[in-house]
Every structure is written in structure tokens, then in C-alpha cells.
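# Residue-level structure breakdown
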Amino acid sequence: MNRFTFSFAFLLLALGLSAQEEPLLRFPSLSPDGQQIAFSYQGDIWTVPTSGGVARRLTIHESYESNPQWSPDGSRIVFEGNRYGNDDIFVMDAQGGMPLRLTYYSGSDNFPQWNGNDEIIFMSSRMYRQVERDQEVFKVPATGGTPQRMMDALGQMASVSN
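Residues numbered from 1 in each chain as written. Predicted model: local features only at pLDDT ≥ 70, side-chain atom pairs only at ≥ 80, totals over all residues. Heavy atoms only, no water.

Okay, the overall build of the chain next. The secondary structure content of the chain amounts to 1 helix and 12 strands. Listing the helices and strands of the chain from first to last along the sequence gives α-β-β-β-β-β-β-β-β-β-β-β-β. Counting over 162 residues, the chain shows a buried share of 36%. Once local pairs closer than 6 in sequence are excluded, the contacts in the chain between residues at least 24 apart make up 29%. Of the roughly 9,900 Å² of accessible surface on the chain, 54% is carried by carbon and sulfur atoms. (Helix = DSSP H or I, 4+ residues; strand = E, 2+ residues; numbered from the N terminus. Buried < 20%, exposed > 50% of the residue type's maximum accessible area, 1.4 Å probe, protein only. Contact = heavy atoms within 4.5 Å. Areas by Shrake-Rupley, 256 points an atom, 1.4 Å probe, with all protein chains shown as cover.)

Sheet topology places strand S11 (residues 135-141) next to strand S12 (residues 148-155); 4 bridges connect them, and they run antiparallel. Within the sheet, the bridge partner assigned to Gln135 lies in S12 and is Gly155. (Pairing = 2+ DSSP bridges.)

Read across the sheet, 4 strands follow the order S9-S10-S11-S12 without closing on themselves; strand pairing throughout is antiparallel. Whereas interior strands pair on both sides, the edge strands pair on one side only; in this sheet they are strand S9 (109-114) and S12. On average, each strand axis in the sheet is inclined to that of its neighbour by 25°, with strand direction left out of account. Examined bridge by bridge, strand S10 (residues 119-124) and S11 share 6 bridges and lie antiparallel to one another. Bridging across to S11, Ile121 finds its partner in Lys139. (Axes fitted to C-alpha atoms, helices over the stretch in contact; angles between N-to-C directions.)

This next bit is on the confidence of the model for the chain. Per-residue pLDDT for the chain has a mean of 84; in total, 82% of the residues score no lower than 70. The weakest mean pLDDT in the chain belongs to helix H1 (residues 2-18) at 45; the strongest belongs to strand S6 (residues 76-81) at 97. Within the model, pLDDT remains below 50 along residues 4-19, and this stretch shows 0 contacts once partners closer than five positions in the same chain are excluded. (pLDDT = per-residue confidence, 0-100.)

The next thing to look at is the side chain of Ser66. Along the polypeptide, Ser66 turns up in strand S5 (residues 65-70). Setting aside residues up to four positions removed in sequence, Ser66 forms contacts with Phe27, Ser40, Ile45, Phe79 and Glu80.

The biggest cluster of nonpolar side chains holds 10 residues, and these are Val78, Ile89, Val91, Leu102, Trp114, Ile120, Phe122, Phe138, Val140 and Ala142. Within the residue set of this core, elements represented by two or more residues are strand S7 (88-93), S10 and S11. What Val91 contacts, discounting residues up to four positions off in sequence, is Arg76, Ile77, Val78, Pro99, Leu100, Leu102, Trp114, Ile120 and Ala142. Membership of the second largest hydrophobic core comes to 9 residues, among which are Ile45, Leu58, Phe90 and Met92. (Core = buried A, V, L, I, M, F, W, Y, C linked by side-chain atoms within 4.5 Å.)

Right, let's get into the pairing of S5. In terms of burial, S5 is largely enclosed, as 5 of its 6 residues are buried. With antiparallel pairing between neighbouring strands as the criterion, S5 and S6 make up a hairpin whose turn holds 5 residues, including Gly74 at a positive phi of roughly 80°.

Moving on: the sheet that holds S7. Overall, antiparallel pairing links the 4 strands, which are arranged S5-S6-S7-S8 in an open sheet. The open sheet has two edge strands, S5 and strand S8 (100-101), and neither has a second partner. Here S7 pairs with S8 via 2 bridges, running antiparallel. What sits directly across from Phe90, in S8, is Arg101.

If you trace the backbone, Asp88 turns up in strand S7. Note: C-alpha distance between Asp88 and Arg101 (13 residues apart in sequence) is 7.2 Å. Not counting chain neighbours up to four residues away, the residues in contact with Asp88 comprise Phe79, Glu80, Gly81, Arg101, Thr103, Tyr104, Tyr105 and Asp109. Within the local environment of Asp88, its side chain forms a polar contact with the side chain of Thr103, the two groups lying 3.3 Å apart. (Polar contact = N/O pair within 3.5 Å; in protein donor to acceptor, adjacent residues only side chain to side chain.)

Here's what the structure looks like:
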């Protein structure tokens, strides 16, 4: 019996060591100057030079944060995070620091995108959820303020065309 237990333990160890995989980096976003990539890994926002090197963690929180997007001037990053129980929109300096919470709705706010350097658009189901299933497009100032419905169109993952 001891021989069987030893063999089984050795097999599990060998399988565990051979199953090492590359980390899953999600939602990559290239900086406007092409020098850095922001991404989500293990629920935090990170940046890394495009030339390679050491990745730098910008957020450290037990919540899950994702979908980082660079501002057009490259100075800030907007992302969504569930720090308060639902997905809200946050913005922070591209070098790190304390994120500023932009939305406070009890439902989820998703897929933030920059609309110039001073405004962020995002998807939310705030007004007509009982009638329509798709999300609505909202906008909020990057410095904070009351979100406003941007248009009557519904859909998923809106982005501004230039």
C-alpha cells in the first residue's frame, strides 16, 4: 500500500509541475505613444513596456478590476472595478496612485472608453432595463460628476469613432 501511495503522490507532483502555464493577461490596451501596455491580471491593473521588462502593478485591491483604457494624452487610465459590490468606473494616473471613483450606480457600469481627454463613455442598464435588454450608452466627466445618457441607441461595448 505504501508503494502505491508513493507512486500516486509522485504522479500528482509530476503532473502539477508539467501543467505550469503562462499567466493569462486580459484586456490589453496600448498606450497612445505605443511605449506601454496596460492590462488586467489577477484582478488588478498592470502596465509593462512594449519592449519587454518588468510589469508594474498599478492597483492593489481585493476586488476585480479590468478593461483598462489609456486617455488620448497617455496621462490617465480608466477601468472598471467591483470595489463596492458592483462594477463602477474609476480613473487614475497612468503612473499609479489612488483611483477616483466616477460612478455610484447600484447596477454594473461596464466597458469604459475615452471620448477626448475629459469625458468617459460607458455602458450601463440604468433607465429602461425592464423594457429593453441591451445596455445604454452613458457619459461622465473624467473629473467626476453626474453621468448622463449619451444617446438613445442601445448595444454593447460602445466606442467613439474619430
